Amino acid sequence: MATNLVINNIIKRSFSSSNVLSKHINSVTVIGSGLMGSGIAQVTAEAGYSVYLVDQNDSALNKAMKIIETSLTRSTKKKFNQEPDHAVRYIKDTMDRIVTSTQVDSGAEKADLIIEAIVENIQAKHDLFSKLDKISPKNTIFASNTSSLPISEIAQAVSRKDKFGGLHFFNPVPMMKLLEVIKTHETSDATFRTLLEYGLSIGKTTVECKDTPGFIVNRLLVPYMFEAVKMFERGDASFQDIDTAMKLGAGYPMGPFELMDYVGLDTTKFIVDGWKKRYPDDPTFQSSVIIDQLVAEGRLGRKSGEGFYNYKK
């Protein structure tokens, strides 16, 4: 018994943040088990919360759990490199806190917080939240992990708009420390405080933002990347030299073209196309002929093996 207590204390000291669990949240449901959803489920379970991870089929959920286990194995090797038994225990405890389900109902029935991380399609999100609004407890808080759609527009599908906010995580979730917490004009102060508490409790650095296009990071980052593309299209400089200039001159870890390849050119195009449609008079949100062409050719960046750069070598 004493040995187990010592081991548990070591594990908690090694991984938990200095913040305690949110006093308003015990159970968190994450809907969507892709890279973002699985990452959110992982860090939430690591913090000590009970997690329901929901997706449409068992194949997606099994893949997500393998991704989580691989991520935990990698991180615990660094933390417990001299204590492999502690690493095994930590992985098991974290994985045991995650329950998977293909049924939205089972994940929503007892959830204090539901985080949506499905496809960036407004109708799909409306359909999901409309259903969740009917079956979730009245006090359940809803949050979307969208990176490009307005939170207030997503929230139109529910009656509890005061309990709706944004939690924008960054990929890969277990490694990226930032969490943008978004408040609409209808999000209550109590809901917003709870979302901030949750973010701190899972070890993230939280920043507060209103429901503005792209929030903070993408609102600044995407126009920066498209301005770089305009320079290349005009022939002002090669994309390689633009990348080099921003890395060595501005101290950025990646140049804009490397970053677009990493994010995915289709994703970048989707964000700008959506903004352009919603804000047609804003000159900041303009599409790119080159990016449109690369996406049409299937050259999406790292994930396809080629974008601006060739990764097949």
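Reading the values: rules and limits
- Residues numbered from 1 in each chain as written.
- Predicted model: local features only at pLDDT ≥ 70, side-chain atom pairs only at ≥ 80, totals over all residues.
- Heavy atoms only, no water.
- Salt bridge = Lys/Arg side-chain N within 4 Å of Asp/Glu carboxyl O.
- Buried < 20%, exposed > 50% of the residue type's maximum accessible area, 1.4 Å probe, protein only.
- Helix = DSSP H or I, 4+ residues; strand = E, 2+ residues; numbered from the N terminus.
- Pairing = 2+ DSSP bridges.
- Axes fitted to C-alpha atoms, helices over the stretch in contact; angles between N-to-C directions.
- Contact = heavy atoms within 4.5 Å.
- Parallel < 35°, antiparallel > 145°, perpendicular 65-115°, else oblique.
- Left-handed = near helix turned anticlockwise from the far one by under 90°.

Chemist: If you had to explain the pattern of salt bridges to someone new, which residues and values would you point to?
Modeler: Counting across every chain of the model gives 16 salt bridges. One salt bridge connects Lys183 with Asp189, and the closest N-O pair in it is separated by 2.5 Å. What makes Lys183 partly exposed here is its relative accessible area of 25%. A residue is classified by how much of its surface remains accessible, and Asp189, at 47% relative accessible area, is partly exposed. Glu227 is the salt-bridge partner of Lys230, the closest N and O atoms lying 3.9 Å from each other. A residue pair is termed a helical-turn pair when its members lie 3 or 4 positions apart in one helix, as Lys230 and Glu227 do in helix H9 (residues 217-234) at three residues. Residues participating in the shared-partner salt-bridge network are Glu116, Glu120 and Lys125.

Chemist: Residues and numbers for the sheet that holds strand E4 (residues 113-116), please.
Modeler: Ordered by their spatial adjacency, eight strands build an open sheet running E3-E2-E1-E4-E5-E6-E7-E8, and the pairing between neighbours is mixed. In this open sheet, the two edge strands, each paired with only one partner strand, are strand E3 (98-101) and strand E8 (205-210). Shown here is a sheet whose adjacent strand axes are inclined to one another by a mean of 25 degrees, direction ignored. In terms of strand pairing, strand E1 (residues 27-31) meets strand E2 (residues 50-54) through five bridges, oriented parallel. Counterpart to Val28 in the pairing with E2 is Val51. Here helix H3 (residues 58-79) sits on the sheet in contact with E2 and E3, set at roughly 160 degrees to E3.

Chemist: So what's going on with unusual backbone geometry? Residues and values would help.
Modeler: For residues besides glycine, phi is generally negative; the peptide bonds are generally trans as well. With an omega of 0 degrees, the peptide bond between Asn171 and Pro172 qualifies as cis. At Phe215, a position not held by glycine, the phi torsion is positive, near 60 degrees. Summarising the element assignment, Phe215 is placed in the loop between E8 and H9. We classify Phe215 as buried; its relative accessible area is 3%.

Chemist: Talk me through the packing of H9 against helix H11 (residues 256-263); I want residue IDs and the actual numbers.
Modeler: The interhelical angle for the contact between H9 and H11, taken along N-to-C directions, is 120 degrees, at an axis separation of 9 Å. Our classification of the angle between H9 and H11 gives oblique. For the element pair H9 and H11, the recorded crossing hand is left-handed. Residues Leu221, Tyr224, Met225, Ala228, Val229 and Phe232 of H9 lie in contact with H11, whose contacting residues are Pro256, Phe257, Leu259 and Met260.

Chemist: Quick rundown of the environment of Gln286? Include the residues and the values.
Modeler: Looking at where Gln286 falls in the secondary structure, it is placed in the loop between helix H12 (265-278) and helix H13 (289-296). Along the chain, Gln286 and Lys77 lie 209 residues apart, while their C-alpha atoms are 45 Å from each other. Setting aside its immediate chain neighbours within four residues, Gln286 contacts Phe226, Val272 and Lys276.

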